[in-house]
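Examining the three-dimensional arrangement
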Amino acid sequence: METRFMKLLTTSYCVDVASRGSLELSSRHVSAAEALKLGVLDQVTDSNAVDLAVEFVRSVAGQPLDSRRLSTLPCPCPPDVDSLLDKVMSKVRQRSRGALAPVACVRALRAAASLPYAQGMEKERELMATLFNSGQARALQYAFFSQRVVGKWSLPSGARWDNSTARIISKAAVIGLGTMGRGIVVALALTGISVVAVETQEKQLAEASRVVPAMLQREAGRRRLATPPGVISFSSNLQDVSEVELVIEAVFEVMSLKLQVFKHLSSVCRPGTLLCSNTSGLDIDQLAAVTQSPGLVVGMHFFAPAHVMKLLEVVYGPRSSPEAVATAMQLGKRMGKVGVAVGNCPGFVGNRMLKPYLEQANFLLEEGATPRQVDEALEEFGFPMGVFRMSDLSGLDVGWRIRKEAGLTGPGVESTRTRQGRRYSPLPDQMCEAGRLGQKTGKGWYQYDGPGGRVARSDPWVHIFLETYRAEHGLVARSITLEEILERCLYALINEGFNILQDAVAAGPEDIDAIYVFGYGWPRHRGGPMFHADQVGLGRILQRLNQHSHPDVPHLKPSTLLRRLVAAGSPPVQKWREFINKERVHSQL
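Residues numbered from 1 in each chain as written. Predicted model: local features only at pLDDT ≥ 70, side-chain atom pairs only at ≥ 80, totals over all residues. Heavy atoms only, no water.

Our focus in this paragraph is helix α8 (residues 179-189). Along α8, 9 of the 11 residues are buried, which leaves the element largely enclosed by surrounding structure. Along α8, the residues classified as buried are Gly181, Arg182, Gly183, Ile184, Val185, Val186, Ala187, Leu188 and Ala189. (Buried < 20%, exposed > 50% of the residue type's maximum accessible area, 1.4 Å probe, protein only. Helix = DSSP H or I, 4+ residues; strand = E, 2+ residues; numbered from the N terminus.)

Written out as structure tokens, the structure reads:
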């Protein structure tokens, strides 16, 4: 029989301060055995819990309960409890990044350790009342329900998940076994799907054949799967995917290469096979156009590491069938992902919004900020990692490759601060040209302890580099405030979110917010970028964008939708979807 446990004849329990703090701050689940050791439980059994409970009740019937009442027991505290709680509070403030609840937990612990029972309970009630009525509570509630809203996706045609039959996939293939491809293989196999993993580069294939089984075993052990994972077979031959039901392409983000792969897949796979691309922003319709069945092509944009990160952008093109979208969404759900259906455009939702965010961060460096100053402002807001630390982690060459593909940099492109008719910062390109690609080379916007290092330290070379750059372009460094950093980075990102809603690339603000919370590290206690805009006030966002806007920086020109929402009295975020739909219907009349 499954192990069952029961706490009997007590309305509460008392454990030592250190143990209670560990549980409250981490929300960690404890086993029955550990709970018994901590004093949370009276008994644990592998046999019939009801019989044992009846026996236990009979054994204590008629005995006084005073010794079991929590209010009469002393709180077990170490002698240095004040010093211990001071250290814990310092760590919690650093890690919580503005979240109220973890700090309130430590305050409740201090009250339990230092005050009489009644006063401690009153303090805990006050803390709970503050949390319940806070904007962060509303943000967390919104994030919770947004996750459910995005699952009820619909296409512009009106087709929905509940009237589109999803195929059940039992055998799939992944093309390309770089970091992302390996994670996708593991994510699929963990659901019990058999996977054909294809890599044409022999060295890459050998490495993946060694690494992927270990990744799968480790993750399967951590999850304690009820069913065994699917079988993975490795191959260097694309012909070996001929019998699968779904293919996910995960080769380099180069359109010519992806087109070549899709043409080959279209001729190799049997009719009806779904062809998916893990592209992070390339044109899905262009890929579909080279296949025999464009309706069976969708994007499945995973986030690294693919077997861990929860977000999945499912990208539909104008010819993608509801069945193909439904199958990709259902497959994402099987993998434990938060799937969000989004329209086809450069960068889709997440990376399209990320572009102006990164752009403003680079402009701030040109104007006088340092990488650490920008990162600290964003991390204090709640991001786990600032924009420049994030770039070092993912590799500066990733964006460099995309900019080359777009014709913004590379051989023959003049190194000016204007490209394609708009302001452009060549700072990241020049960093790559200097061989500073981030953690992989041990040097990027920060310096590390050699290639692969993790600890970011300010690098004097970068400061000299920025000073030289400013001098070459006649720029005078100025003092930049924390408020300006947040406004320019976050409001540029939010403004693009309004453009995305206006363009019907995302169905509603909940879709955008789910993408940013689950895929881009937006602090959950702030709800998401669109929820944050609502909290700040749409009028305030509009006013600050007008103040920061510049003719050469289109991303700071306030969105037409934002202006219309403000003109309509700034309805709450939960009403935006209805407002947008009415506007769309009115424009079609």
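Interhelical geometry of helix α22 (residues 538-548) versus helix α23 (residues 560-567) gives an angle of 135° and a closest axis separation of 9 Å. What the angle tells us is that α22 and α23 run oblique. The handedness of the crossing between α22 and α23 comes out as left-handed. On α23, the residues that touch Leu538, Gly539, Ile541, Leu542, Leu545 and Asn546 of α22 are Leu562, Arg563, Leu565 and Val566. Residue composition of the contact of α22 with α23, by class: 7 nonpolar, 2 polar and 1 charged. (Axes fitted to C-alpha atoms, helices over the stretch in contact; angles between N-to-C directions. Parallel < 35°, antiparallel > 145°, perpendicular 65-115°, else oblique. Left-handed = near helix turned anticlockwise from the far one by under 90°. Contact = heavy atoms within 4.5 Å. Nonpolar A, V, L, I, M, F, W, Y, C, P; charged D, E, K, R; others polar.)

With that settled, the discussion passes to the nonpolar core. In terms of nonpolar packing, the biggest core is built from 101 residues, with Val241, Val374 and Phe498 touching the most fellow members. Element by element, the count of residues in this core is highest for helix α19 (residues 482-502), at 11 residues. Excluding residues that lie within four positions of it along the chain, valine 241 makes contacts with Ala173, Ile175, Val196, Val198, Leu265, Val268 and Cys269. Of all hydrophobic cores here, the second largest spans 45 residues; its members include Val186, Met215, Cys276 and Tyr316. (Core = buried A, V, L, I, M, F, W, Y, C linked by side-chain atoms within 4.5 Å.)

What follows deals with the UniProt feature "domain: 3-hydroxyacyl-CoA dehydrogenase C-terminal" (unreviewed entry) in the chain. The UniProt record annotates "domain: 3-hydroxyacyl-CoA dehydrogenase C-terminal" (unreviewed entry) at residues 347-448 and 485-579. Structurally, residues 347-448 is divided into 53% helix and 4% strand, and its ends, taken at the C-alpha atoms, are 30 Å apart. Split by type, residues 485-579 is 63% helix and 0% strand. Its first and last C-alpha atoms lie 31 Å apart. (UniProt positions renumbered as here; feature names shortened; annotations may be inferred.)

This part is about the sheet that holds strand β4 (residues 194-198). Taken together, the 8 strands give an open sheet; going across it, the order is β5-β4-β3-β6-β7-β8-β9-β10, and neighbouring strands pair in mixed fashion. Where the open sheet ends on each side, the last strands, each with one partner, are β5 (232-235) and β10 (338-343). Each neighbouring strand pair of the sheet contributes to a mean axis angle of 25°, computed without reference to strand direction. Where strand β9 (residues 311-316) lies against β10, 6 bridges are found, and the strand directions are parallel. Looking across to β10, one finds that leucine 311 is bridged to valine 338. Each of β3 (171-175), β6 (246-249), β7 (274-277) and β8 (297-302) touches helix α10 (residues 255-268); the most contacted strand, β7, lies at about 170° to it. (Pairing = 2+ DSSP bridges.)

Before going further, it helps to spend a moment on helix α4 (residues 81-96). In this model, α4 (16 residues) spans 21 Å end to end at C-alpha, consistent with the 22 Å of a helix rising 1.5 Å per residue. Of the residues one or two after α4, arginine 97 is the one with positive phi, at around 50°. (Expected span 1.5 Å × (residues − 1).)

Turning to the environment of lysine 337, a few remarks are in order. Within the secondary structure, lysine 337 sits in the loop between α12 (322-334) and β10. Residues lysine 337 and glycine 158 lie 179 residues apart in sequence; the distance between their C-alpha atoms is 24 Å. Setting aside its immediate chain neighbours within four residues, lysine 337 contacts Phe302, Ala306, His307, Val308, Met309, Lys310, Leu312 and Gly332.

Along the chain, alanine 304 connects to proline 305 via a cis peptide bond; the corresponding omega equals -10°. Within the secondary structure layout, proline 305 lies in the loop between β8 and β9. Although it is not a glycine, arginine 97 sits at a positive phi angle of roughly 50°. By secondary structure assignment, the location of arginine 97 is in the loop between α4 and α5 (100-114).

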